[in-house]
Structure formats: C-alpha cells, structure tokens
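Spelled out from the first residue to the last, the chains are:
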Amino acid sequence: MIVSSSRPAAEAEQPIADARVLLVEARFYDALADLLLDGALRRLRAAGVTVDCITVPGSLEIPPAVAIALATAAANGTPYDGVVALGCVIRGETSHYDIVASESARALMNLAVSRALPLANGILTVDNEAQAFERADPQRLDKGGHAASAVLTLLRLKRRLDGRECL
C-alpha cells in the first residue's frame, strides 16, 4: 500500500465527517492564549469538526488534562479523534522554562505515539514576549492554526489508512 503525501491543496480544506477533536489550552498568558485559540478554532471549524475545549492554568498541566479527557471520553463511549494542545512557555531567569518545555512536549509525544492518536503540540517555546506574539497572532505566523492543521492532516492520514477515506 502506498500512501501519497502530496495531496492537492483543496483536500486539506475538505470537511472531516463525524470528527471530534479535543483542544486543551493553557491560559498562563491570556492574550497569547486568545490568539492561539482563535487561529486553531478557525481552522477546526472550517474543517467541520466538533471541538471540545478544556482550559488549564499552564502548559505543564496540558498532558494530564489530555490523558484525563481521553480516558473519560473513551469510558463514556465518545472517544476523541484528535487533540490540539495550545500554550506558551517564555524563557525566564531560571531553569523552569526547560522543565516545562521539555516535559510537556515529552508527555504529549508519549500520548500521541502510545495511543496512535492524531495530536498536535501547539505549545510555543520562545525567548521573549515579542516572539510569542509573532507566532501566536493569526495574522502573522498563526501557530494555533498550524497546530489545528497538523492534527487535521494526521486525522485524514489515519482515516485513509483505516480505509474510511480513499488512498
């Protein structure tokens, strides 16, 4: 079986039927969180997926919130098809930045790989606030939107490989 990675651009914008995506956002920096969320929701809604949003205090709380939500949804018979994680970690004067950035990324990758789950890590890791706003703003680099697009791409891939969509 060969799965092409060069799909027409129009396919990336096609709706995904009956998809349910969990979006977990950290609100440590409210203004940045608003921008990331705006970009992500715009792309997810354009794809026609159902989005459930969960808010946590900071980026380190995102992975456990994802794990809790995935387990609860599965137990209730309403599993999620994909996950988008959004947050921001700005380097400070201590090593706390390194811990939060690496541990949140590691935990999210572990969840994605162990569960074969389309998951996009949209947690910004930046040196300063200016870099954060450049990346978060949907009118500039739109990293929230890019995270949503990444999870949609993985979801489409999973569905093609599962035989639910054409190869």
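Our structure is the block above this text.
Before going into details, it helps to say that this report is about the structure given with it. (Residues numbered from 1 in each chain as written. Predicted model: local features only at pLDDT ≥ 70, side-chain atom pairs only at ≥ 80, totals over all residues. Heavy atoms only, no water.)

Here we look at the pattern of salt bridges
Selection criterion: Any carboxyl oxygen of Asp or Glu within 4 Å of a side-chain nitrogen of Lys or Arg constitutes a salt bridge here. Labels follow the DSSP assignment, with helices taken as runs of H or I lasting at least four residues and strands as runs of E lasting at least two, numbered in each case from the N terminus. Each residue is placed in one exposure class: buried if its accessible area under a 1.4 Å probe, protein chains only, is under 20% of its type's maximum, exposed if it is over 50%, and partly exposed if it falls in between.
Summed over the entire model, instances satisfying the criterion amount to 12 salt bridges. R106 is the partner of E103 in a salt bridge, and the nearest nitrogen-oxygen pair spans 2.7 Å. Here E103 and its partner R106 are both found in helix α3 (residues 96–115), three residues apart, which amounts to about one turn of the helix. The partly exposed category is assigned to E103, whose relative accessible area is 32%. R140 serves as the salt-bridge partner of D137, at 3.2 Å between the closest nitrogen and oxygen.

Section: the packing of helix α1 (residues 30–46) against helix α4 (residues 129–136)
Applicable threshold: The axes are straight lines fitted to the C-alpha atoms, using for helices just the contacting stretch, and the angles between their N-to-C directions are given from 0 to 180°. Note that the term roughly parallel is reserved for angles under 35 degrees, roughly antiparallel for angles over 145, roughly perpendicular for angles of 65 to 115, and oblique for everything else. Crossing chirality is assigned from the near helix's rotation relative to the far helix, an anticlockwise turn below a right angle marking it left-handed and a clockwise turn marking it right-handed. Contact between two residues is taken to exist if any of their heavy atoms lie within 4.5 Å; hydrogens are not considered. Residues are grouped as follows: Ala, Val, Leu, Ile, Met, Phe, Trp, Tyr, Cys and Pro are nonpolar; Asp, Glu, Lys and Arg are charged; every other residue, Gly included, is polar.
At their nearest, the axes of α1 and α4 sit 9 Å apart, and the two run at 20° to each other. Relative to α4, α1 is oriented roughly parallel. As α1 packs across α4, the resulting crossing turns out to be left-handed. Contacts between α1 and α4 involve A31, L32, L35 and L36 on the former and, on the latter, A132, F133 and A136. For the contact of α1 with α4, the residue count by class is seven nonpolar, no polar and no charged.

A look at the pairing of strand β3 (residues 82–90)
A regular strand carries its side chains on alternate faces of the sheet. Under the convention used in this document: Should DSSP find at least two bridges between two strands, the strands are taken to pair. Place the viewer so that the strands point away; then a crossover is right-handed whenever the path from the first strand over the helix to the second strand goes clockwise.
The buried count for β3 comes to nine of nine residues, which makes it a mostly enclosed element. Neither face of β3 is open: one carries G82, V84, L86, C88 and I90, the other V83, A85, G87 and V89, and all of them are buried. The pairing of strand β1 (residues 20–26) with β3 spans five bridges and is parallel. Each residue of the ladder has a partner; that of L23, found in β3, is V84. Judged from the eight bridges that link them, β3 and strand β4 (residues 119–126) form a sheet pairing that is parallel. Opposite A85, over in β4, you have N121 as the bridge partner. Regarding topology, α3 serves as the crossover connection from β3 to the parallel β4, and that connection is right-handed.

Read these as geometric descriptors, not functional statements.
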